[in-house]
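Spelled out from the first residue to the last, the chains are:
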Amino acid sequence: MTKKTTLALIISFVFNVAVKADEGMWLPMLLGQQVYDDMVKKGLKLTKEQLYDINKPSVKDAIIIFGGGCTGEIVSNEGLIFTNHHCGYEAIAKASSVEHNYLRDGFWAKTKAEEIPSDNLSVQFLVKIEDVTDKVNEAAKGLTEADYLKKLPDILTEMGKKMTEGTTYEGRVASFFKGNQFLLFTYERFKDVRLVGTPSESVGKFGGDTDNWEWPRHTGDFSVFRVYTTKDGKAGDYAADNIPMKPKYFLPVSTKGVKDGDCAMIYGYPGGTNRYETSFGVKLKTEVENPALVNLRDVRLKLMKEQMVKDAGVKLQLASSYARIANYWKFFDGESKQLIKYDVYGQKQKDEGDFLNWAKGKPEYLSIFQDYRKAYETWTPYAKWRVYLNEGIFGSPLIKFAQDLSALDKVLSKKDATPEEIAKAVETAKKTHDTFVKDENVASDKNILAAMTNMFYNDIPQDQQPKAFFTWMKNKYGDLNNVHSFEAYATDVFTNSILIGAPENWNYFVAKPDTATLHKDLAFFTANAFNSFYMANYAKAYADFQSENAWLGRTYLKGVMEEKGTKKMYPDANFTMRVSFGEVKPYHPRDGLDLASVCTMKGVLEKYKPGDYEFDLPKNFVDIARKKDFGPYIDKTHNDLVVSFITTNDITGGNSGSPVINGKGELIGLAFDGNYEALSHKIAFDKDLNRTICFDVRYVLFVIDKVGGATNIIKELKIPQ
């Protein structure tokens, strides 16, 4: 490989356009005139400065990072937040109890005094975006390839801290085009966020796993929060006398509805795409990684659900983790199927062939795919092992917690560890243990541990297995071709581990921690056996693969950008603010099937099944819906309440909760899902089938007003007539 060379910022790729349909998640700071003109053609009435301005209030000031991985929007001059139900799910679950089960029954604060503080929940506002490519390249000047890749994360972290030093802001430098461009994003974080309202889970998750990623869709996936500030309007921790935020900008709410062809703009924080993935990456994903992940999660979900359907308390306890695991279980299953169905592997090979034809006479790029092939051939035999470690063995919450204690073990093993170091490590372990115990369901986890170790033994090649561990298991519990041996092992772990069960055993250990006790514990012994084997045999191979892949990707994208010349290229999503534009539009996924662009309450009632785990609804909701008591939220065209609609916008995970905005800058809905036929979207955008599933803001208002009776929230909104 070559030494690192300084790469100039190729700004032309932000201003020149040639993309398909509504593809692209654009940086609002760098829309470019042609992209903006395309938005205007679709019906946008706002100026570029109204979309993004660092000196004056603009739409970007109403868009927030909600929690750690979602988007939200400010919808009132008192800091009211709309986001998805599944984004607020954890906060709602934590606020709930068996006696006050807001997750099951819903919750509506009729006054600000009734709003519920949310521990460990924060929101972040984007202050500004700056290009720092030259500064990063200067800081990395002269580094070899290996040192560059190793030191780059620290360079970016340090630069983010330095450029916001002396302020209350947080700076994060993000990489674009696989390291060919770097931008600094400056944020302000607010930590006093309170739950204002949520529909019942049966509304917020209506359709459950069955309807997940599917259209038609009838889910009311929303929740309402509020951000508070100190009395002088500053960001701060929770305090009883904090006041509702006075935002720089908030979104007005439109009740006029949508029709086919209407402009739809979506702001948010899409988490990650890899649109410039190679054919080698597609093959590894479809043949090894996704099938393994889906298989393991499928078993874990079934074992969790077995316990959840038995007890309301267990359902509440496991609800958040179950929803998180289930969401991407179905996604990765669909992603593989769509990648194969539309021969994305073949499409990538064609692109790579075209690139090589262009690269003739350019030595820097001629061997790039030979190097890619070698890197993938070296790592692929062990890729399944890594998935089975993270999704299988560490899929047991107990074993994952045990693995987290490796940090404590490392400190205790140091000959020169100071009392302060030990005390700090013990305190961290105690906090982690408190969280683990609160969320732990022994019945499901014990079955998960038995199943995961059994699957590892049967599915991973014998020459890649930690033989000492399985030999120990066989000697103690019997024939490993018998599932009962794994069940006996799991029972033993949960019966005797000091990490679970009688609190006094854990308390005694943290009072007098020592490595001998930790290593004798069966849960830690299991975690350590698998993790140590991985570290000794495969960790370096994976690190080398990641390093080589990153460098090749950086070089490949540099070449692709040169190859495309003045054609527009948008950067992959990386959880930085983006805007996408499209239109409300039906689609035709397969022969004989035409899907309309909206769903109505009629469809909700058709799906409704009293007592069903996924399709039940509250009685008062059903009564109001059957009476068609929709008030001002009724859609006169359909003579019904529109629940959801679809657009052609390009989004991905992280856009959950994103506002869907019309041409006037008014909120018309919230994005909450993609469609199954386009689940290959992280790697390949399909211009014909890609749809974003949004619930209509009128449905949100109907639930708040008619079902929840929270007219105080409605009165707080700005609803143009």
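Residues numbered from 1 in each chain as written. Predicted model: local features only at pLDDT ≥ 70, side-chain atom pairs only at ≥ 80, totals over all residues. Heavy atoms only, no water.

Colleague: Got a minute to help me understand the overall build of the chain in this structure?
Modeller: Along its length, the chain carries 27 helices and 20 strands. Projected onto its principal axes, the C-alpha coordinates of the chain cover approximately 75 × 70 × 60 Å. Of all 721 residues assigned to the chain, the portion counted as buried reaches 56%. Contacts in the chain between residues far apart in sequence, at least 24 positions, make up 78% of those at least 6 positions apart. Put simply, the chain shows about 30800 Å² of open surface, and 51% of that area lies on carbon and sulfur atoms. Distance between charge centroids for the chain: 2 Å, based on 94 positive and 96 negative side chains. (Helix = DSSP H or I, 4+ residues; strand = E, 2+ residues; numbered from the N terminus. Buried < 20%, exposed > 50% of the residue type's maximum accessible area, 1.4 Å probe, protein only. Contact = heavy atoms within 4.5 Å. Areas by Shrake-Rupley, 256 points an atom, 1.4 Å probe, with all protein chains shown as cover. Lys, Arg positive; Asp, Glu negative; His and termini not counted. Charge placed at Lys NZ, Arg CZ, Asp CG, Glu CD.)

Colleague: Would you mind going over the packing of helix H18 (residues 467-477) against helix H19 (residues 483-496) with me for this structure?
Modeller: When two helices pack together, their arrangement is captured by the angle between the axes and the distance separating the axes. At a minimum axis distance of 10 Å, the contact between H18 and H19 shows a crossing angle of 95°. On the basis of their axis angle, the class for H18 and H19 is roughly perpendicular. Two secondary-structure elements touch here, H18 through Phe469, Phe470, Trp472, Met473, Lys476 and Tyr477 and H19 through Ser485, Phe486, Ala488, Tyr489 and Asp492. Along the lines of polarity and charge, the residues of the contact of H18 with H19 split into eight nonpolar, one polar and two charged. (Axes fitted to C-alpha atoms, helices over the stretch in contact; angles between N-to-C directions. Parallel < 35°, antiparallel > 145°, perpendicular 65-115°, else oblique. Nonpolar A, V, L, I, M, F, W, Y, C, P; charged D, E, K, R; others polar.)

Colleague: What is the right way to read the sheet that holds strand S20 (residues 692-696) from this model?
Modeller: Through backbone hydrogen bonds, the strands of a sheet pair up, either in parallel or in antiparallel fashion. Strand order in this open sheet of seven strands is S13-S12-S18-S19-S20-S17-S16, and the pairing throughout is antiparallel. Of all the strands in the sheet, the pair left with one neighbour each is strand S13 (578-583) and strand S16 (598-600). This sheet shows a mean twist of 30° between the axes of neighbouring strands, independent of strand direction. Pairing geometry for strand S12 (residues 263-268) and S13, over six bridges, is antiparallel. Following the sheet pairing, Ile266 is matched in S13 by Ser580. Seen against the sheet, helix H26 (residues 697-707) touches strand S17 (642-647), strand S19 (667-674) and S20 and runs at an angle of roughly 40° to S20. (Pairing = 2+ DSSP bridges.)

Colleague: Is there a simple way to think about the pattern of salt bridges in this case?
Modeller: In a structure, side chains of opposite charge can pair up when their charged atoms sit close to one another. Under the definition given, this model contains 37 salt bridges. A salt bridge links Arg297 to Glu391, with the nearest nitrogen and oxygen atoms 2.9 Å apart. Here the residue Arg297 occupies a position in helix H9 (residues 279-308), and Glu391 occupies one in helix H13 (residues 368-392), the gap between them amounting to 94 residues. You'll find Arg297 and Glu391 in the same group, each marked buried. (Salt bridge = Lys/Arg side-chain N within 4 Å of Asp/Glu carboxyl O.)

Colleague: Got a minute to help me understand the state of the cysteines in this structure?
Modeller: Covalently bonding the sulfur atom of one cysteine to the sulfur atom of another cysteine gives a disulfide. This model, assessed by the stated rule, comprises one disulfide. Shown here is the disulfide that connects Cys70 with Cys87, its sulfur atoms set 2.2 Å apart. Every disulfide takes its handedness from the sign of the S-S torsion; for Cys70 and Cys87 that torsion is -80°, giving left-handed. Placement of the pair is Cys70 in strand S2 (residues 70-74) and Cys87 in helix H3 (residues 85-95), with a sequence separation of 17 residues. (Disulfide = S-S within 2.5 Å.)

Colleague: Explain unusual backbone geometry here, please?
Modeller: Negative phi values dominate among residues other than glycine, just as trans dominates among peptide bonds. A cis amide bond, omega 10°, links Trp215 with the succeeding residue Pro216. With respect to the helices and strands, the residue Pro216 is situated in the loop between helix H8 (208-211) and strand S10 (223-229). One non-glycine residue with positive phi stands out, namely Asp343, at about 50°. Within the secondary structure, Asp343 is located in the loop between helix H10 (312-341) and helix H11 (344-359).

Colleague: How do you make sense of the environment of Ala383 when you look at a structure like this?
Modeller: On the secondary structure map, Ala383 appears in helix H13. On the basis of relative accessible area, Ala383 is assigned to the buried category, the value being 3%. Sequence separation between Ala383 and Glu289 is 94 residues, and the spatial gap between their C-alpha atoms is 6.9 Å.

Colleague: Sorry, what's going on with the packing of helix H14 (residues 397-404) against helix H16 (residues 419-439) here?
Modeller: Axis separation between H14 and H16 bottoms out at 10 Å; the angle between their running directions is 175°. The pairing of H14 with H16 is recorded here as roughly antiparallel in orientation. Taking contact as the criterion, the partners of Pro397, Leu398, Phe401 and Asp404 in H14 are, on H16, Ala429, Thr432, His433 and Phe436.

Colleague: Honestly, helix H25 (residues 619-627) in this entry has me stumped. Any pointers?
Modeller: Working note: α-helix, 3.6 residues per turn, so residues spaced by three or four point in the same direction. Among all positions of H25, only Phe621, Val622, Ile624 and Ala625 are buried. Seen along its axis, H25 keeps its buried residues to an arc of 165°; they face one direction. Turned more than 90 degrees off the buried face of H25, the exposed positions are Lys619, Arg626 and Lys627. Those residues of H25 that are buried lie in contact with helix H7 (201-204), helix H24 (601-607) and H26. Once H25 finishes, Lys628 follows within two positions and takes phi at roughly 55°, a positive value. (Arc of directions from axis to C-beta.)

Colleague: Even after reading the chapter, I still don't get the pairing of S12, so can you show me in this structure?
Modeller: Look at any regular strand and the pattern is simple: side chains alternate between the two faces of the sheet. Most of S12 is tucked away, with six of its six residues classed as buried. Covered by surrounding structure in S12 are Cys263, Met265 and Tyr267 together with Ala264, Ile266 and Gly268, the residues of both alternating faces. With two bridges joining them, S12 and strand S18 (residues 659-661) adopt antiparallel strand pairing. When the bridges of S18 are listed, Ile266 appears paired with Val660.

Colleague: Explain helix H22 (residues 522-537) here, please?
Modeller: Its 16 residues give H22 an end-to-end C-alpha distance of 22 Å, which sits within 8% of 22 Å, the value for a rise of 1.5 Å per residue. Turning to H22, its buried residues are Leu522, Ala523, Phe524, Thr526, Ala527, Ala529, Phe530, Asn531, Phe533 and Tyr534. (Expected span 1.5 Å × (residues − 1).)

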